[in-house]
2 protein chains.
Amino acid sequence: MNTRSDVTGTNQLDLAVIGCGNMGSAIARVALEKQYSVAVWNRSPERAVRLVDAGATVLTEVSQAFQNADLTIVCVSTTDDVRALLAQIDPTRVAGAILNLTSGLPDEANELAAWAAEHGVPYLDGAILCFPEQIGSAEARILVAGPEQLWTAHSDIVRALAGGAFHVGTVHGAANVMDAGLVGAFYMSSMVAFIEATRYMGNAGVSTDALRSLLPHTLDQFSEEIHDILNRVDTGTFATERATLTVYQEAGQTFLDTMAPHGPATMIRATTGVFDRAVAAGLANEDLAAIVKLSAE
Amino acid sequence: MNTRSDVTGTNQLDLAVIGCGNMGSAIARVALEKQYSVAVWNRSPERAVRLVDAGATVLTEVSQAFQNADLTIVCVSTTDDVRALLAQIDPTRVAGAILNLTSGLPDEANELAAWAAEHGVPYLDGAILCFPEQIGSAEARILVAGPEQLWTAHSDIVRALAGGAFHVGTVHGAANVMDAGLVGAFYMSSMVAFIEATRYMGNAGVSTDALRSLLPHTLDQFSEEIHDILNRVDTGTFATERATLTVYQEAGQTFLDTMAPHGPATMIRATTGVFDRAVAAGLANEDLAAIVKLSAE
């Protein structure tokens, strides 16, 4: 076990982890369990020192991480913290690559990538889509964005940390984009739509058991339809032999009229607004997926 | 094969099907294939006559259906058509039960149920959630609402028509409620949220392949979360050790700010509106599911 309190030289370490909160600590522990050599740094050293027993090298200067690790994972609270860290280091002495897993926005990831490009630092940006206790499992998801070859060079260790890790695109903001778009906007909105629908159904005499019975069927259809939408977007095919947007517009209005007198119907109201705009934009006879063509309100 | 062109007496038939459009015809054909005795009636007789080869009895008067079948399935275009049919019959001579599968609203189902109750006619109302070509398969879904014992008495034949048929509640409107709430409001809104998110992600450099890779994970989480929501609604438990509505409010606003400059963000905008109202209503520290407590806007 390596318990040195500092290191010198270059690339002596497989991994450095900057930030030893719950997530950073989980990453360091799993990497150590999987026999990688790992150094850790935390702003307040106490949290880093707790990892010594697991085999981590504790660094006293953050610059040592960047100068000695093949991959330095940054996992701190905010992008402001990342900026502050990078301001303290000499970019010409960065030995390996940086993978920033700090929660942030796509524009922030792209801004950090621009800094890295300017200084010739190999840089990847990512988003963590799992809990610390899932790190190391097959289910754990880490999305990584940035140059393909850089991903290839470091994919083994990232996959050791998260079985479900994958490369989402070459634009550095892409991981945060997926976090905002799929996990955020899609997931949250669907959940709220589900809760509003559940409230309406419950008040109208439908039991939650009846809902549970129909759910697998509904979610299966959902998954099929989503794949159809992605295929249509890929091929630009919006002609349909199924329901046209006019049919959706009419059905949506009926559902809204049915639900609205009985409580919140925010989501189906927003949905009918989208259908109205789509029809007004000339998409009346096209498939539901054609609403990808709408411009901002 | 029974090809009589009319019938007399009572309950000589297992099933009568009123309305021989694509759906009614599929129902009649499948019932005949499964060895039930079936009579059919259609406003224009040509469509009914096509079913003679399959073994159907064609009725010349719609009242014969109600007077001779153990179960009469009504599958016409609109509730107005159903009202017109019922106005032509003598309710005291209805021999079996009626199952109305015509598309309609919950209030319309309840109104027809009130008519049936007034005349002592055993009445079920339902909603068909599949295509005509699926009728007879295990996947076919027909939701049925009305008195439990009436469902039990006729569930065999309905399940023969649709493997996934089930009883959703005793309130007659309940099947249409589920159609509007789960299939309509929830499903449509989620789909629109997905398309808006897909557009945003595509423009920001995320490939549809990356989306496909993450989708199974997202939909699994979705399914888990939905069951958690139903359990919370059942038990009235809205305390949480996960994200509170304040956390959702902040995250939703960040996702909206991230997406909105790049195109339509209608659904996440509506979602943040719900979070804002929930927090204003005093639900800040409760679980996402607590938005079931919100009253109408």
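Cut-offs and rules
- Residues numbered from 1 in each chain as written.
- Chains lettered and ligands numbered in written order.
- Predicted model: local features only at pLDDT ≥ 70, side-chain atom pairs only at ≥ 80, totals over all residues.
- Heavy atoms only, no water.
- UniProt positions renumbered as here; feature names shortened; annotations may be inferred.
- Domains from an automatic or database assignment.
- Buried area = accessible area lost by both parts, 1.4 Å probe.
- Salt bridge = Lys/Arg side-chain N within 4 Å of Asp/Glu carboxyl O.
- Polar contact = N/O pair within 3.5 Å; in protein donor to acceptor, adjacent residues only side chain to side chain.
- Pairing = 2+ DSSP bridges.
- Helix = DSSP H or I, 4+ residues; strand = E, 2+ residues; numbered from the N terminus.
- Contact = heavy atoms within 4.5 Å.
- Least-squares fit on C-alpha atoms with pLDDT ≥ 70 in both.
- Axes fitted to C-alpha atoms, helices over the stretch in contact; angles between N-to-C directions.
- Left-handed = near helix turned anticlockwise from the far one by under 90°.
- Nonpolar A, V, L, I, M, F, W, Y, C, P; charged D, E, K, R; others polar.
- Parallel < 35°, antiparallel > 145°, perpendicular 65-115°, else oblique.
- Core = buried A, V, L, I, M, F, W, Y, C linked by side-chain atoms within 4.5 Å.
- Buried < 20%, exposed > 50% of the residue type's maximum accessible area, 1.4 Å probe, protein only.

Note on chain A: under the UniProt heading Sequence similarities (unreviewed entry), the record states "Belongs to the HIBADH-related family."

Undergrad: I'm lost on the domain arrangement of chain A in this one. Help?
TA: A common way to state how big an interface is: give the accessible area lost once the parts meet. All names here are of chain A. In terms of domains, chain A is made up of domain 1 (13-171) and domain 2 (177-293). The contact between domain 1 and domain 2 buries some 360 Å² in all, and 88% of this surface belongs to carbon and sulfur atoms. If you look at where domain 1 meets domain 2, you find zero salt bridges. The tally of links from domain 1 across to domain 2 stands at zero residue pairs in polar contact (both at pLDDT 80 or more).

Undergrad: Quick question: what am I supposed to make of the sheet that holds strand S1 (residues 13-18) of chain A here?
TA: Backbone-to-backbone hydrogen bonds join strands into a sheet, with any given pair of strands oriented parallel or antiparallel. Residue and element names in this part refer to chain A. Read across the open sheet, the eight strands follow the order S3-S2-S1-S4-S5-S6-S7-S8; overall the sheet is mixed. Strand pairing shows two members of the sheet lacking a second neighbour, strand S3 (57-58) and strand S8 (166-169), which therefore form its edges. Summarising the sheet, strand S5 (residues 97-100) and strand S6 (residues 123-128) pair through three bridges and their orientation is parallel. Within the sheet, the bridge partner assigned to Asn100 lies in S6 and is Asp125.

Undergrad: Can you help me understand the interface of chain A and chain B in this one?
TA: Of the residues lining the interface, 86 residues belong to chain A; the matching set on chain B comes to 86 residues. When the two sides are added together, the surface that chain A and chain B hide from each other amounts to roughly 7,900 Å², 77% of it contributed by carbon and sulfur. Seen at the junction of chain A and chain B, the total is two salt bridges. Ionic pairing is found between Arg212 of chain A and Asp234 of chain B, a salt bridge with its closest N-O pair at 3.0 Å. Counting the contacts that link chain A with chain B gives 21 residue pairs in polar contact (both at pLDDT 80 or more). Breaking the side of chain A that touches chain B down by element, the ones donating at least two residues are S8, helix H7 (174-203), helix H8 (208-235), helix H9 (245-259) and helix H10 (266-283) of chain A. The element contributing the most residues to the side of chain A that touches chain B is H7 of chain A, with 25 residues.

Undergrad: What is the right way to look at the relation of the copies chain A and chain B in this model?
TA: Each of the two chain copies can be generated from the other by rotation about an axis followed by a shift along it. Aligned on chain B, chain A shows an RMSD of 0.1 Å; the corresponding rotation is 180° and the shift along the axis is 0.0 Å. Read as a symmetry element, the transformation amounts to a two-fold axis. Taking the C-alpha atom as reference, chain A places Ser190 of chain A closest to the rotation axis, 2.3 Å from it.

Undergrad: What's the story with the packing of helix H7 (residues 174-203) of chain B against helix H8 (residues 208-235) of chain B in this structure? I'm lost.
TA: Any two packed helices are characterised by how steeply their axes cross, that is the angle between the axes, and by the distance between the axes. Residues and elements named next belong to chain B. Axis separation between H7 and H8 bottoms out at 14 Å; the angle between their running directions is 145°. Between H7 and H8 the crossing geometry is right-handed. Between H7, through Phe186, Phe194, Thr198 and Met201, and H8, the contact on the second element is made entirely by Leu211, Leu215, Phe222 and Ile226. Residues belonging to the contact of H7 with H8 are distributed by class as follows: seven nonpolar, one polar and no charged.

Undergrad: I keep staring at the sheet that holds strand S3 (residues 57-58) of chain B and nothing clicks. Help me out?
TA: Within the open sheet, the eight strands sit side by side as S3-S2-S1-S4-S5-S6-S7-S8 (chain B). Their pairing is mixed. In this open sheet, the two strands that pair with only one neighbour each are S3 and strand S8 (166-169) of chain B.

Undergrad: What exactly am I supposed to notice about the packing of H7 of chain A against H7 of chain B here?
TA: Axis separation between H7 of chain A and H7 of chain B bottoms out at 9 Å; the angle between their running directions is 170°. Between H7 of chain A and H7 of chain B, the angle falls in the class roughly antiparallel. Considering the relative orientation of H7 of chain A and H7 of chain B, their crossing is right-handed. Residues that form the contact of H7 of chain A with H7 of chain B fall into these classes: 22 nonpolar, six polar and no charged.

Undergrad: How should the UniProt feature "domain: NADPH-dependent reductive aminase-like C-terminal" (unreviewed entry) in chain A be read in this particular structure?
TA: Taking the UniProt record as the reference, the feature "domain: NADPH-dependent reductive aminase-like C-terminal" (unreviewed entry) is found at residues 172-294 of chain A. Across residues 172-294 of chain A one finds 74% helix and 0% strand; the C-alpha atoms that close the span lie 26 Å apart.

Undergrad: Before we go on, may I ask you to explain the environment of Glu225 of chain A in this structure?
TA: Inspection of the secondary structure puts Glu225 of chain A in helix H8. Here the alpha-carbon distance between Glu225 of chain A and Leu288 of chain A, two residues 63 residues apart in the chain, equals 10.0 Å. Contacts of Glu225 of chain A, omitting those with residues within four sequence positions, involve Arg242, Tyr248 and Leu288 of chain A together with Tyr187 and Met191 of chain B. One polar contact links Glu225 of chain A to Tyr187 of chain B, side chain to side chain, over a distance of 3.3 Å.

Undergrad: What is the right way to look at the nonpolar core in this model?
TA: Among soluble globular proteins, nonpolar side chains are generally buried collectively. Grouped together as the largest cluster of nonpolar side chains are 108 residues, with contacts concentrated most on Met178 of chain A together with Met178 of chain B. When neighbours within four sequence positions are excluded, Met178 of chain B is seen to be in contact with Met201, Val206, Ala210, Leu211 and Leu214 of chain A together with Leu143, Val168 and Val183 of chain B.

Undergrad: Please clarify how unusual backbone geometry should be interpreted in this entry.
TA: As a rule of thumb, non-glycine residues mostly have phi less than zero, and peptide bonds are mostly trans rather than cis. One non-glycine residue, Gln35 of chain A, lies in the positive phi region at around 75°. Mapped onto the secondary structure, Gln35 of chain A falls in the loop between helix H1 (22-33) and strand S2 (38-41).

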